Amino acid sequence: MKLTVVGCSGSFPSAESACSSYLVEADGFRLLLDMGNGALGELQRHCGLYDLDAIFLSHLHADHCIDMCAYFVARYYRHDGGRCDPIPVYGPEGTEHRLTTAYADTPTASSMSEVFDFHTVKPSTFEVGPFTVHTERVAHPVEAYGIRVEHGGKSLTYSGDTGTTPALDELARDTDLFLCEAAFTHGKEDIPDLHLNGREAGETAARAGARRLVLTHIPPWTDPQANLTDARAVFDGPVELAAPRVSYDI
């Protein structure tokens, strides 16, 4: 598998990065994890507008899904006159309604489903192209899911947005690369069931036995180096900060 960071800023885009979006590729299949603010523009550095094969939305906060509205325009009003066939979109209950409402003026109430084939995510295991996917509900104010993607004996786990939860520990068990949010600062913010800080991300990786930790979803107002230091203090494996346009072979 190949993982490419399309965007990794938390809550709102930074001057350097779009919000959450990660491209996972294997055997010519392209699965996008989230499409937050600014992600659609950055995505085109890595693949064509119509080269995605499936999309997973961890939850329906804008910094993880709002560029789906722009992607709807690209697929529905395709400039060569041929509307795109529906692409599978996996998201929480109400994803179609959320996107239709956010767009505010789709041609009809069902226009989104003409280019997006919506599938409701629950805790489960299923196949997406060449990938085996495991999803688990995580700890966030809205319905939110972490995802584990497996292929060829390797695994990638993406936390989505979450506070500490045993579900994430199990989802990341022995994973090869753990892409984990670290939005908060240890000793500064302490809000249960919302976000992790760098130390908590490191502790989760240690409990899970992850082989590599990449910290992501760090807002522009949070010091990423502090979170990196905190994670390294409690996790003995390799730790680094996610950065746009960086790729990992898994």
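Residues numbered from 1 in each chain as written. Predicted model: local features only at pLDDT ≥ 70, side-chain atom pairs only at ≥ 80, totals over all residues. Heavy atoms only, no water.

Caption draft 1: Quick look at the packing of aromatic side chains. Here the structure, examined in full by the defined rule, presents 10 aromatic pairs. When the ring of Tyr76 is compared with that of Tyr77, the centres are 4.9 Å apart and the planes differ by 75 degrees; the resulting orientation is edge-to-face. Residue class for Tyr76 comes out buried when judged on its relative accessible area of 9%. Under the relative-accessibility criterion, Tyr77 is labelled partly exposed at 45%. Site record: aromatic cluster; members linked through ring pairs are Phe72, Tyr76, Tyr77 and Tyr103. In this structure, Arg78 is placed above the aromatic ring of Tyr50, and the distance from its NZ or CZ to the ring centre is 4.1 Å. Between the NZ or CZ atom of Arg83 and the centre of the ring of Tyr76, over which it lies, the distance is 3.6 Å. (Phe/Tyr/Trp six-rings, centres within 6.5 Å; stacked < 30°, edge-to-face > 60°. Buried < 20%, exposed > 50% of the residue type's maximum accessible area, 1.4 Å probe, protein only. Lys NZ or Arg CZ within 6 Å of the ring centre and 35° of its normal.)

Caption draft 2: A look at helix 4 (residues 95-103). Residues of helix 4 that are buried: Thr95, Leu99 and Thr100. The buried side chains of helix 4 occupy one side of the element, clustering within an arc of 125 degrees when seen end-on. The inward-facing, buried residues of helix 4 contact helix 2 (62-65), helix 3 (68-76), strand 5 (87-91), helix 5 (112-115) and strand 6 (116-120). Among the residues trailing helix 4, Ala104 stands out with phi positive, at a value near 80 degrees. (Helix = DSSP H or I, 4+ residues; strand = E, 2+ residues; numbered from the N terminus. Arc of directions from axis to C-beta. Contact = heavy atoms within 4.5 Å.)

Caption draft 3: Spatial organisation of the pattern of salt bridges. Under the definition given, this model contains 12 salt bridges. Between Glu114 and Arg83 there is a salt bridge; the shortest N-O distance is 2.8 Å. Residue Glu114 is found in helix 5, and its partner Arg83 is found in the loop between helix 3 and strand 5; the two are separated by 31 residues along the sequence. Among the residues examined, Arg83 registers a relative accessible area of 42% and is labelled partly exposed. Among the salt bridges present, the one from Glu240 reaches Arg212, with a minimum N-O distance of 2.9 Å. With Glu240 in strand 13 (residues 239-241) and Arg212 in the loop between helix 7 (198-208) and strand 12 (213-216), this residue pair connects regions lying 28 residues apart in the sequence. Residue Glu240 is classed as partly exposed on the basis of its relative accessible area of 24%. For Arg212, a relative accessible area of 28% translates into the label partly exposed. It is possible to trace a salt-bridge network through shared partners that takes in Glu42, Arg45 and Arg245. (Salt bridge = Lys/Arg side-chain N within 4 Å of Asp/Glu carboxyl O.)

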